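# Coordinate inspection notes
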Amino acid sequence: MPHTAREYLVHRFRGDAQVLTDRVAALQRGTKIPGPDAATSRRMAEACEAVASMVESIAPHEHAANELDAIVALIPLLEQRARDAGMLPPVRAVYTGAATRIREVQTAEAAAASGSSLPGAQANDDLTADMMDDALDIDMDDDLDDDEDIDDDDLDASPADHDHGTAQP
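Here goes a summary of the coordinates provided. Numbers given to residues run from 1 along each chain, matching the order in which its sequence is written. Residue-level local features of this predicted model are given only where pLDDT is at least 70; pairs of side-chain atoms are given and counted only at 80 or more, and the full residue set underlies all totals for whole chains, interfaces and linings. Each side-chain value is derived from all of the structure's non-hydrogen atoms; neither hydrogens nor water enter the calculation.

### Quick notes on the overall build of the chain
Helix and strand definitions follow DSSP, with helices as H or I runs of at least four residues and strands as E runs of at least two, each counted in order from the N terminus. Scanning the chain from N- to C-terminus turns up seven helices and zero strands. The criterion used for residue contact is that any of the two residues' heavy atoms lie within 4.5 Å. Long-range contacts, defined as pairs at least 24 residues apart, comprise 61% of the intrachain contacts of the chain with a sequence gap of at least 6. Accessible area for the chain stands at about 10600 Å²; split by element, carbon and sulfur atoms hold 53% of it. Here the Shrake-Rupley method, with its probe set to 1.4 Å, supplies the accessible areas, and only the displayed protein chains count as covering residues.

See the structure below:
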């Protein structure tokens with residue numbers, strides 16, 4: 001289990017790269033998987049690996065704050081790579097997501113250092129998962145018949161949030 005922000009981020013993006021590489025292999029075997037094609041998935045995996053390498057290239061520091069400052073300094077480069085990804089939104093999402101994840105780690109580390117907790121930490125994890133699902137164009141209703149479709153966003157809401165035609169304004 002990663003102990004530093006650097007280790008966490010490297011582990012996370014290498015894991016994402018591996019998942020995408022496995023996806024490419026499955027697509028090449030002819031497995032039908034909703035979402036990006038093999039070429040796009042390969043480019044996303046390469047982008048994840050590039051992010052992991054960028055973070056890994058930062059030398060471990062004796063002081064975690066100095067190490068995190070060096071990682072945060074990668075954000076402009078990640079944002080530039082997102083812009084350079086141009087018309088390939090899934091690859092752009094990898095770089096944008098990496099910058100967002102670094103900001104989240106920075107916020108979490110600041111909160112931990114000050115002794116406060118982050119009440120939205122689980123919400124951030126859910127948001128990140130939703131962003132990756134969107135980038136991969138994954139929807140929970142892909143295996144359901146059209147008349148049985150559900151929206152995965154509906155699963156995150158409380159029952160009171162659903163109208164189903166019975167609620168009055």
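### Re the nonpolar core
Of all hydrophobic cores here, the largest spans 32 residues; its most connected members are L9, F13, V51, L78, V91, Y95 and I102. Residue assignment for this core shows that the elements contributing at least two residues are α1 (5-28), α2 (38-56), α3 (64-72), α4 (75-84) and α5 (89-114). If one sorts the elements of this core by residue count, α2 sits on top with nine residues. Non-local contacts of V91, meaning those with residues more than four positions away in its chain, are made with R43, M44, A47 and A85. As used here, the term nonpolar core means buried Ala, Val, Leu, Ile, Met, Phe, Trp, Tyr and Cys residues forming a set that is joined through side-chain atoms within 4.5 Å. For every residue, the accessible area obtained with a 1.4 Å probe (protein chains only) is divided by the maximum for its type, and the residue is called buried under 20%, exposed over 50%, and partly exposed between those limits.

### A few points about the side chain of T40
On the secondary structure map, T40 appears in helix α2. T40 gets classed as buried once you look at its relative accessible area, which sits at 13%. Sequence-distant contacts of T40, defined by excluding residues within four places in its chain, comprise L88 and P90.

### A look at α1
To estimate how far a helix should extend, the number of its residues minus one is multiplied by 1.5 Å. With 24 residues, α1 extends 35 Å from end C-alpha to end C-alpha; this agrees with the ideal 34 Å at 1.5 Å per step. Within α1, burial applies to A5, R6, L9, V10, F13, D16, A17, L20, R23, V24, A26 and L27. The first or second residue beyond α1 is G30, which carries a positive phi of 95°.

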